[in-house]
Amino acid sequence: MIDPSGRLFLSKRGPLARNERGLWEFPGGSVEFGETLAKALQREMREEFGIEIQVGDLLDVVDHILPEEGQHWVSPTYICKIMSGTPVILEPGKCSEIGWFDPDEFPDNLTQITRQNFKHYLQEFK
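Definitions and cut-offs
Residues numbered from 1 in each chain as written. Predicted model: local features only at pLDDT ≥ 70, side-chain atom pairs only at ≥ 80, totals over all residues. Heavy atoms only, no water. Helix = DSSP H or I, 4+ residues; strand = E, 2+ residues; numbered from the N terminus. Rg over C-alpha atoms; globule rule 2.2 N^0.38 Å. Buried < 20%, exposed > 50% of the residue type's maximum accessible area, 1.4 Å probe, protein only. Contact = heavy atoms within 4.5 Å. Disulfide = S-S within 2.5 Å. Core = buried A, V, L, I, M, F, W, Y, C linked by side-chain atoms within 4.5 Å. Expected span 1.5 Å × (residues − 1). Pairing = 2+ DSSP bridges.

S.K.: What am I meant to see in the overall build of the chain here?
M.R.: Per the secondary structure count, the chain includes two helices and five strands. Taking 126 residues into account, the globule formula puts the C-alpha radius of gyration at 14 Å, and the chain, at 14 Å, falls close to it. Considering only C-alpha atoms, the chain reaches an extent of 40 × 30 × 25 Å along its principal axes. Taking all 126 residues of the chain together, the buried fraction comes to 40%. In the chain, once contacts between residues fewer than 6 apart in sequence are set aside, the share between residues at least 24 apart is 61%.

S.K.: What exactly am I supposed to notice about the state of the cysteines here?
M.R.: Disulfide: a covalent bond connecting the sulfur atoms of a pair of cysteines. Enumeration over the complete set of coordinates arrives at zero disulfides. Here Cys 80 stays free of any disulfide, with the sulfur of Cys 95 as its closest cysteine sulfur at 16 Å. Classification of Cys 95 as buried rests on a relative accessible area of 5%.

S.K.: Help me out: how do you make sense of the side chain of Gln 42 in this one?
M.R.: On the secondary structure map, Gln 42 appears in helix H1 (residues 37-49). Those residues in contact with Gln 42 that sit more than four places away from it in its chain are Ile 53 and Val 55.

S.K.: It is not clear to me how the nonpolar core should be interpreted in this structure. Could you clarify?
M.R.: The nonpolar side chains of a soluble globular protein tend to be buried with one another. Membership of the largest hydrophobic core is limited to ten residues, which are Leu 8, Leu 10, Trp 24, Phe 26, Leu 59, Phe 101, Phe 106, Leu 110, Phe 118 and Tyr 121. Setting aside residues up to four positions removed in sequence, Trp 24 forms contacts with Leu 10, Ser 11, Lys 12, Glu 97, Ile 98, Gly 99, Phe 101, Pro 107, Asn 109, Leu 110, Thr 111 and Thr 114.

S.K.: Got a minute to help me understand helix H2 (residues 112-125) in this structure?
M.R.: In an α-helix, one turn spans 3.6 residues, which is why side chains three or four residues apart end up on the same side. For H2, which comprises 14 residues, the first-to-last C-alpha distance of 20 Å matches the rise-based estimate of 20 Å (1.5 Å per residue) to within 8%. If you check which residues of H2 are buried, you get Gln 112, Ile 113, Thr 114, Asn 117, Phe 118 and Tyr 121.

S.K.: It is not clear to me how the side chain of Thr 77 should be interpreted in this structure. Could you clarify?
M.R.: For Thr 77, the position within the fold is in strand S4 (residues 71-84). Not counting chain neighbours up to four residues away, the residues in contact with Thr 77 comprise Asp 57, Leu 58, Leu 59, Asp 60 and Asn 117.

S.K.: What am I meant to see in the sheet that holds strand S5 (residues 95-101) here?
M.R.: What links the strands of a sheet is backbone hydrogen bonding, and the strands pair in either a parallel or an antiparallel sense. The antiparallel open sheet is built from three strands, whose spatial order is S2-S1-S5. With one partner strand each, in any of the chains shown, strand S2 (24-25) and S5 form the two edges of the open sheet. Sheet analysis places strand S1 (residues 8-13) next to S5, joined by six bridges and oriented antiparallel. In the strand pairing of S5, Arg 13 is matched with Cys 95.

Right under this line is the structure:
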């Protein structure tokens, strides 16, 4: 998500996250049977942060491979903006911290997928 001043929204993965605990990420989630990708993202942001979002253009699609955990995810990332609400942590087991970051002051401890997303974001928009 991007705010009007160009800052990007990140969440820090909490102690009950499936993987990469304690690292910052562009938040997302799982798709339920019958959901479109956009509807799934809107639902996840409502459930986890209490916000309504507009899903914009696709930024990228990246393989998220975690061999040490035996996991392989395919992760599409969209450029989104908040339409209503202010983000708050509603699932503290999954998320321990949230924040808005200027692209020039991004944290170093990013998830594998967010490192790739951020690189693509900078190539596209900076």
